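Inside the fold
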Amino acid sequence: MRMVASSRLLMVSLLLIQVACQQQPPPTPPRAFFVFGDSLVDSGNNNYLATTARADSPPYGLDYPTHRATGRFSNGRNVPDIISEHLGAEPVLPYLSPHLDGDKLLRGANFASAGVGILNDTGVQFANIIRIEKQLRYFSQYQSRVRRLLGSDAAVGRLVNGALVLITLGGNDFVNNYYLVPFSARSREMSLPDYVRYLVAEYAKVLRQLHALGARRVLVTGSGPIGCAPAELALRGSRAGECAAELQRAAALYNPQLVDMIRGLNADLGADVFIAVNAHRMHMDFISDPAAYGFVTSKVACCGQGPYNGVGLCTAASTVCPDRDLYAFWDNFHPTEKANRIIVSQFMDGTQEYMHPLNLTTILAVDAAAAAEATFN
């Protein structure tokens, strides 16, 4: 009798455990992640386009997990990939990827395209790229696709409103527009201060469109130290290897005005929708003191040709450094994976000098608490 009673007790206990497990809510999936911008954040959209702005051939991707070129302008992972790691998610797929379908859509999408800028005439030499206006149209199209998957506007709204968004634009508007050639059309049309004001005003329109499309947490990167890239050192730098002064002046004019614009937008919206990311400071930390970050150089690219390995993109014919972790730059313009990880560490934990008004760790904690409160209520 005791054995029968014990068996019944065990069965009841197992049933109770099973019911309790069934009542536990399923684990919360990582929040969706959307990426807009240029080659610093492109994860392969340009692979599907007839353009010269591509990174789909070796030795790009040398240190990516697959050891294959993916379209990322890096030896390995780029900034969006590393942010995805911190979100506990797989990297989001390029929007043009045929594999972006079904449940993968719910993770988000990368709309970025190498060569683009804030202005539509930036990057015209690359021909068929996804200019920012089209990236935003694709974002609207993406929401229609998700609506068919989820079945309601409310569900789409929750996914998009709760997502994290990264947008990286501006550098090409100087490098591949205003300073592309001597006496460019834009430089003849506007003085540099006027051009910067125009860029910032046009960028404000882009950010307002993102908000209108449902974005509520948007990381907006400023221009990095474009005059310090190996390409600009090769083209315009001093014999001593100092950064190209005119391009550094452009970044110095542009970044503070971008931050002021972002503050104004947040004030108008009554919320910290847009986060100003001080990419210039993040890069200058290791450019000005490479040894402090374990680099042997922040001037010479790991892969390339010509002075500073800064002439043209990395190709199969280029020299490639044996240890990518010793180089801040992978090619003529783009950081190595190690440098990208240093940059993202400041996204996560940087002071307001790097991330204003909140760093990403704080954002994730604040948003998680708000979501929990909304669920409880």
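Structure's up top.
Note that this is a predicted model, so its numbers are computed, not measured.

**Quick notes on the sheet that holds strand S5 (residues 274-277)**
One open sheet accounts for 6 strands, arranged S2-S1-S3-S4-S5-S8; its pairing is mixed. The open sheet has two edge strands with one neighbour each: strand S2 (108-110) and strand S8 (355-356). Taken together, the 5 bridges between strand S1 (residues 33-37) and strand S3 (residues 164-168) define a ladder with parallel strand orientation. Each bridged residue has a counterpart across the sheet, and for Gly37 the counterpart in S3 is Thr168.

**Remarks on the side chain of Asn45**
Relative to the helices and strands, Asn45 resides in the loop between S1 and helix H2 (79-87). On the basis of relative accessibility, which here comes to 0%, the residue Asn45 falls in the buried class. Within the local environment of Asn45, its side chain forms a polar contact with the backbone oxygen of Ala112, the two atoms lying 2.9 Å apart. Discounting chain neighbours no more than four positions away, the residues touching Asn45 are Pro94, Tyr95, Leu96, Asn110, Phe111, Ala112 and Ile130.

**Quick look at the packing of helix H10 (residues 279-288) against helix H11 (residues 337-349)**
Contact pair H10 / H11: the axes reach a minimum separation of 10 Å and the direction vectors enclose 135 degrees. As summarised for this structure, H10 and H11 are arranged oblique, according to the angle between their axes. As H10 runs across H11, the sense of the crossing is right-handed. Of H11, the residues touching H10 (which contributes Met282, His283, Asp285 and Phe286) are Ala339, Ile342, Ile343, Gln346 and Phe347.

**A short note on the pattern of salt bridges**
Inspection of every chain in the model, using the stated rule, returns 20 salt bridges. Asp153 is the partner of Arg147 in a salt bridge, and the nearest nitrogen-oxygen pair spans 2.3 Å. Arg186 is paired through a salt bridge with Glu189; the nearest N and O atoms lie 3.0 Å apart. Taken together, the positions of Arg186 and Glu189, both in helix H6 (residues 185-189) and 3 residues apart, correspond to about one turn of that helix. Given a relative accessible area of 13%, Arg186 falls into the buried group. Salt bridges here are not isolated pairs; linked through shared partners, they connect Arg77, Glu85, Glu337 and Arg341.

**Observations regarding the pairing of strand S4 (residues 218-221)**
Residue alternation in S4 divides its side chains into two sets, Val218 and Val220 and Leu219 and Thr221, and both sets are buried. Bridging between S3 and S4 involves 4 bridges; their strand directions are parallel. Each bridged residue has a counterpart across the sheet, and for Ile167 the counterpart in S4 is Val220. Alignment of S4 against S5, held across 4 bridges, turns out to be parallel. Considered in S5, the bridge of Val220 is made with Ala276.

**Looking at the environment of Phe73**
Here Phe73 lies in the loop between S1 and H2. For the pair Phe73 and Asp56, spaced 17 residues apart in sequence, the C-alpha separation works out to 8.7 Å. Setting aside residues no more than four positions away along its own chain, Phe73 makes contact with Ser39, Asp42, Ala53, Arg54, Ala55, Tyr60, Ala114, Leu313, Trp330, Asp331, His334 and Pro335.

**Re unusual backbone geometry**
Cis geometry marks the peptide bond from Pro58 to Pro59; its omega dihedral reads 5 degrees. For Pro59, the position within the fold is in the loop between S1 and H2. In the Ramachandran plot, His67 falls in the positive-phi region, its phi being about 60 degrees despite a non-glycine side chain. Within the element layout of this structure, His67 appears in the loop between S1 and H2. With phi around 60 degrees, Phe183 is a residue other than glycine that occupies positive phi space. In this structure, Phe183 sits in the loop between helix H5 (171-178) and H6.

**Notes on the packing of aromatic side chains**
Tallied over the full model, the rule gives 18 aromatic pairs. Measuring from ring centre to ring centre gives 5.0 Å for Phe36 and Phe111, while their planes differ by 10 degrees; the resulting arrangement is stacked. Of the two residues, Phe36 is situated in strand S1 and Phe111 in the loop between S2 and helix H3 (132-150); the sequence distance between them amounts to 75 residues. Both residues of the pair, Phe36 and Phe111, count as buried.

Rules used throughout
Residues numbered from 1 in each chain as written. Predicted model: local features only at pLDDT ≥ 70, side-chain atom pairs only at ≥ 80, totals over all residues. Heavy atoms only, no water. Pairing = 2+ DSSP bridges. Helix = DSSP H or I, 4+ residues; strand = E, 2+ residues; numbered from the N terminus. Buried < 20%, exposed > 50% of the residue type's maximum accessible area, 1.4 Å probe, protein only. Polar contact = N/O pair within 3.5 Å; in protein donor to acceptor, adjacent residues only side chain to side chain. Contact = heavy atoms within 4.5 Å. Axes fitted to C-alpha atoms, helices over the stretch in contact; angles between N-to-C directions. Parallel < 35°, antiparallel > 145°, perpendicular 65-115°, else oblique. Left-handed = near helix turned anticlockwise from the far one by under 90°. Salt bridge = Lys/Arg side-chain N within 4 Å of Asp/Glu carboxyl O. Phe/Tyr/Trp six-rings, centres within 6.5 Å; stacked < 30°, edge-to-face > 60°.

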